[in-house]
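Next come the chains, spelled out residue by residue.
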Amino acid sequence: MKRVLITGGCGFIGSNFIRHTLKHYPDYRLINLDKLTYAGNPGNLTDVENNPRYRFVKGDICDNDLVGKIFAEEQIDTVIHFAAESHVDRSITGPAEFVQTNIMGTFNLLEAAREAWLKDATGKASGTGCRFLHVSTDEVYGSLGQTGAFQETTSYDPRSPYSASKASSDHLVSAYFHTYGLPVLITNCSNNYGPYQFPEKLIPLIVNNALGGRSLPVYGDGKNVRDWLYVIDHCEAILTVLQNGIVGETYNIGGNSEKQNIEIVHTICDILDEKVGLLPDGKNRRTLITYVKDRAGHDRRYAIDATKIRTQLGWKPKVNFADGMRRTVEWYLNNKVWIASVTDGSYREYYEKMYGKK
Ligand SMILES: NC(=O)c1ccc[n+]([C@@H]2O[C@H](COP(=O)([O-])OP(=O)(O)OC[C@H]3O[C@@H](n4cnc5c(N)ncnc54)[C@H](O)[C@@H]3O)[C@@H](O)[C@H]2O)c1
């Protein structure tokens, strides 16, 4: 039985990962350490909370005593580190939390793993078979022009406090491999979409507003390009890297599915028009699109070259963009109670600060 510490498991990707892994990997025990920030919702995992191979611990990855205690109590041999402040816009208005959680939190976890895995009672190195997998983003590589794609060898060029804090954590993880021999793996993935994503991010935000007939805010000219990957494909990629990746290496993960933001918004509007009918005034939902002032330092284009994970580890995405978007929109349609439960007072306050009154 692998004894896995999952950090940030109540967030979007973490909760999908936990559900997927408990279902398909019976030899994994998962201990989910999550601080339950605004982005963490234990309600994302109510269907698995009684699974005997799952344990939830509410707490902060920056709390060394707690993290050390979990390593000892649960004999952790694997870490999959999702916990982060993850929203670029919030990093622009309040970068301190990003430095604290993304950099100091990662440092604290690395120290706990080093302590637990690289020293036994006599001070000798142990830790054979242990793995520390750090989940990171393509945003660390900066912004691309019209052509090209990020490779694992692309120089880092982070441009927002979010991506800078993730870049910094990647460097720390890599340093613990080179300096101490900690068995680390790093994954840098493109934009994920799917169920349980907090509606401050583009896709759930647009679905939520389009359902309610509210305006659909699109930054700048709407032509910023991102590569999109269905969240379960990301989870499978992480499991593939964990099982077969070479320690100390980085793997880029992407969907080979570049889209302009405006294309995403059009796709959502069209699916909703088809599924729930036109707006009460007979107009289609594309008429709700409103262009708003661009995000400061908004990266123009990201694209991932995922050749390494495909050719060396045999992973490739299974869900194409059209199917994935349909599934995602259907999930939000079938889970309106979930949306209502996460778009509470504090979300509304945040939304009005960013985009004005709904
Ligand atoms: N969402 C994407 O498109 C994407 C793409 C590539 C990489 N990533 C990376 O994947 C990871 C997960 O992203 P996500 O979209 O699921 O994020 P999220 O914001 O939905 O979830 C983050 C989770 O971390 C928890 N958390 C935050 N600070 C914590 C702390 N100090 N201690 C313990 N828990 C804490 C939150 O409560 C939340 O449950 C992040 O590291 C992110 O950088 C995300």
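Residues numbered from 1 in each chain as written. Predicted model: local features only at pLDDT ≥ 70, side-chain atom pairs only at ≥ 80, totals over all residues.

**Describing the site of the ligand**
Link 1 in the chain: Around the ligand there are 32 residues in total, and Gly8, Gly11, Ala39, Gly40 and Ala84 lie nearest to it.
Link 2 in the chain: Those elements that provide at least two residues to the shell around the ligand are α1 (12–24), β2 (28–34), α4 (96–117), β5 (131–137) and β7 (191–193).
Link 3 in the chain: Each residue belonging to the shell around the ligand can be placed in one class, and the counts come to 14 nonpolar, 13 polar and five charged. (Near = placed C-beta within 6 Å. Helix = DSSP H or I, 4+ residues; strand = E, 2+ residues; numbered from the N terminus. Nonpolar A, V, L, I, M, F, W, Y, C, P; charged D, E, K, R; others polar.)

**Focus: the sheet that holds β2**
Hydrogen bonds between backbone groups are what pair the strands of a sheet, and the pairing can be parallel or antiparallel.
Link 1 in the chain: Read across the sheet, seven strands follow the order β3-β2-β1-β4-β5-β6-β10 without closing on themselves; strand pairing throughout is parallel. Two strands close off the open sheet at either side, each with one partner strand: β3 (54–58) and β10 (250–253). Taken over all neighbouring pairs, the strand axes of this sheet differ in orientation by 20 degrees on average, direction set aside.
Link 2 in the chain: Pairing analysis gives four bridges linking strand β4 (residues 78–81) to β5, with the strands arranged parallel. (Pairing = 2+ DSSP bridges. Axes fitted to C-alpha atoms, helices over the stretch in contact; angles between N-to-C directions.)

**So, the sheet that holds strand β11 (residues 258–260)**
Link 1 in the chain: Read from one edge to the other, the open sheet built from three strands follows the order β7-β9-β11, with strand pairing classed as mixed. Across the chains shown, the open sheet's two edge strands, defined by having one partner strand only, are β7 and β11. Each adjacent strand pair in this sheet contributes to an overall mean axis angle of 50 degrees, direction not counted.
Link 2 in the chain: The pairing of β7 with strand β9 (residues 225–230) spans three bridges and is classified as parallel. Residue pairing for β9: Tyr193 is matched across the bridge by Tyr230.

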